[in-house]
Amino acid sequence: MQILNRRPRRNRATGAIRAMVQENTLSVNDFIFPMFVQEGTGAKVEIKSMPGIYRFTLDMLLEELKEVQSLGIKSICLFPNYPESKKDKYGSESLVSDTLYLKALSQIKSKFPDLVIMTDVALDPYSSDGHDGIVENGKIVNDETVEILVKMSIAQAKAGADIIGPSDMMDGRIGAIRKGLDAEGFTDVSIMAYTAKYASAFYGPFRDALESAPKFGDKKTYQMNPANIKEAILEAELDFAEGADIMMVKPAFSYLDVIKALKENFNIPISAYNVSGEYAMIKAAAQNGWIDGDKAMMEMLLSMKRAGADIILSYFAKEVAVLLNE
Ligand code: PBG
């Protein structure tokens, strides 16, 4: 017999002991459920690459929200799907006062006043180029785009948004949006900055949901290079200084080190976006019987908490809530 005064297995001996010494946990309070709204009535369209996730017409979305809330989920992040006919170079549809997205925000707010509504600020759902900013001569122009993003943010705040979510990665937009919101009296509307958003292959299923894939090129001149972490700190320094209330890392699973770095260096909440491709991978493998979907989901999400995420945006939110409520 070995003489060991430290045997870590003692703390793993029974389920009760393991539970007692567990360092990190998931709670339904941590989650924001991303949802998709489309035009029309009476429809709920499953996204092929995201089994279990739907685009809802507004009437159906309002029905779905009753279930979402009854599961204890307190926050959603809404994204719109628009037909090509509504898209143009400047994303003009985003500012039309009775456009689907703004109408959806205000109806959700009036029917579910306690639900936290996070929005999406970027041109891509409305852009005929499928880019997050205005395209001039093949380039995504920064400052002109930011002017539109500020107007979008104010329109969304007027419609009832609690948290503005700029997902575009233009330079200087957090400060500009903060100034714009404050000037209109929306000092209480927060900003969750997509601070370290990488040019990732894991957004594919989301672009299916929005039918928003870029018409040419890629997003590498504004989204970050997956090889970089110092640059994430720089982005965070800027967003922090510009007034971000919460800073996000996206995607989450391949970027746990980035979550940790932001958590250690900044004293505001850090969120992680468990993106569409991460969801799709688990669903696909589980459907094939290759992994246990529920266990893989919980392990993946817990790793984000362990890395330091305070908040997780995830398409798994409902499924997690069901498991946590058991
Ligand atoms: C675009 C946007 C993307 C996502 C959220 N907002 C994709 C992209 O940058 O092309 C991805 C979310 C996901 O994959 O779940 N503004």
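The structure this text deals with has already been given above.
A quick note: this is a predicted structure, and the numbers were derived from the prediction, not measured. (Residues numbered from 1 in each chain as written. Predicted model: local features only at pLDDT ≥ 70, side-chain atom pairs only at ≥ 80, totals over all residues. Heavy atoms only, no water.)

### Observations concerning the packing of helix H4 (residues 142–159) against helix H5 (residues 173–183)
Two elements in contact, H4 and H5, have axes separated by 9 Å at closest approach and are oriented at 45 degrees. Classified by the interaxial angle, the pair formed by H4 and H5 is oblique. Crossing handedness for the pair H4 and H5: right-handed. Within the contact between the two elements, H4 uses Val-146, Leu-149, Val-150, Ser-153, Ile-154 and Ala-157 and H5 uses Arg-173, Ala-176, Ile-177, Gly-180 and Leu-181. (Axes fitted to C-alpha atoms, helices over the stretch in contact; angles between N-to-C directions. Helix = DSSP H or I, 4+ residues; strand = E, 2+ residues; numbered from the N terminus. Parallel < 35°, antiparallel > 145°, perpendicular 65-115°, else oblique. Left-handed = near helix turned anticlockwise from the far one by under 90°. Contact = heavy atoms within 4.5 Å.)

### Structural notes on helix H11 (residues 317–325)
Every buried residue of H11 is listed here: Ala-317, Lys-318, Val-320 and Ala-321. All buried residues of H11 fall inside an arc of 160 degrees around its axis, so they share one side. Buried residues along H11 sit in contact with strand E1 (31–38), helix H2 (58–70), helix H10 (293–307) and strand E12 (311–314). (Buried < 20%, exposed > 50% of the residue type's maximum accessible area, 1.4 Å probe, protein only. Arc of directions from axis to C-beta.)

### Examining the site of the ligand
Neighbouring the ligand are 17 residues, the closest being Arg-207, Lys-219, Lys-250, Ser-276 and Tyr-315. One nitrogen or oxygen atom from the side chain of Ser-167 is found 2.8 Å from a nitrogen atom belonging to the ligand. With respect to the ligand, the side chain of Arg-207 contributes an N or O atom lying 2.6 Å from an oxygen atom. Across the shell around the ligand, the residue classes tally to eight nonpolar, three polar and six charged. (Near = heavy atom within 4 Å. Polar contact = N/O pair within 3.5 Å; in protein donor to acceptor, adjacent residues only side chain to side chain. Nonpolar A, V, L, I, M, F, W, Y, C, P; charged D, E, K, R; others polar.)

### Remarks on the layout of surface pockets
One number sums up the size of the largest pocket: a volume of about 190 Å³. Lining the largest pocket are Gln-22, Thr-25, Leu-26, Asp-294, Lys-295, Met-298, Glu-299, Leu-302, Leu-323 and Leu-324. Counting only elements with at least two residues in the lining of the largest pocket, the list comes to H10 and H11. Residue contributions to the lining of the largest pocket peak at five residues, all from H10. Considered class by class, the residues forming the lining of the largest pocket number five nonpolar, two polar and three charged. (1 Å grid on protein atoms, 1.4 Å probe; cavity = no way out; pocket = protein on both sides within 12 Å on 5 of 7 lines; lining within 4 Å. Points joined across faces, edges and corners; volume = space filled by probe spheres on them.)

### Quick look at the packing of aromatic side chains
Enumeration according to the criterion identifies twelve aromatic pairs in this entry. A centroid spacing of 6.0 Å and a plane angle of 15 degrees characterise the contact between Phe-36 and Tyr-315, whose relative ring orientation is stacked. Within this pair, whereas Phe-36 is found in strand E1, its partner Tyr-315 is found in the loop between E12 and H11, the two being separated by 279 residues in sequence. Residue Tyr-315 is classed as buried on the basis of its relative accessible area of 3%. Considering the side-chain rings of Tyr-82 and Tyr-126, the 5.1 Å spacing of their centres and the 45 degrees angle between planes classify their relative orientation as tilted. Within this pair, whereas Tyr-82 is found in the loop between strand E4 (75–81) and helix H3 (100–111), its partner Tyr-126 is found in the loop between strand E5 (116–118) and strand E6 (134–136), the two being separated by 44 residues in sequence. Put simply, the rings of Phe-36, Phe-79, Tyr-194, Phe-206, Tyr-273, Tyr-279, Tyr-315 and Phe-316 pair up and form one aromatic cluster. When the ring centre of Tyr-54 is taken as origin, the NZ or CZ atom of Lys-44, which lies over that ring, is 4.4 Å away. (Phe/Tyr/Trp six-rings, centres within 6.5 Å; stacked < 30°, edge-to-face > 60°. Lys NZ or Arg CZ within 6 Å of the ring centre and 35° of its normal.)

Scope: geometric values only; no functional claims are made or implied.
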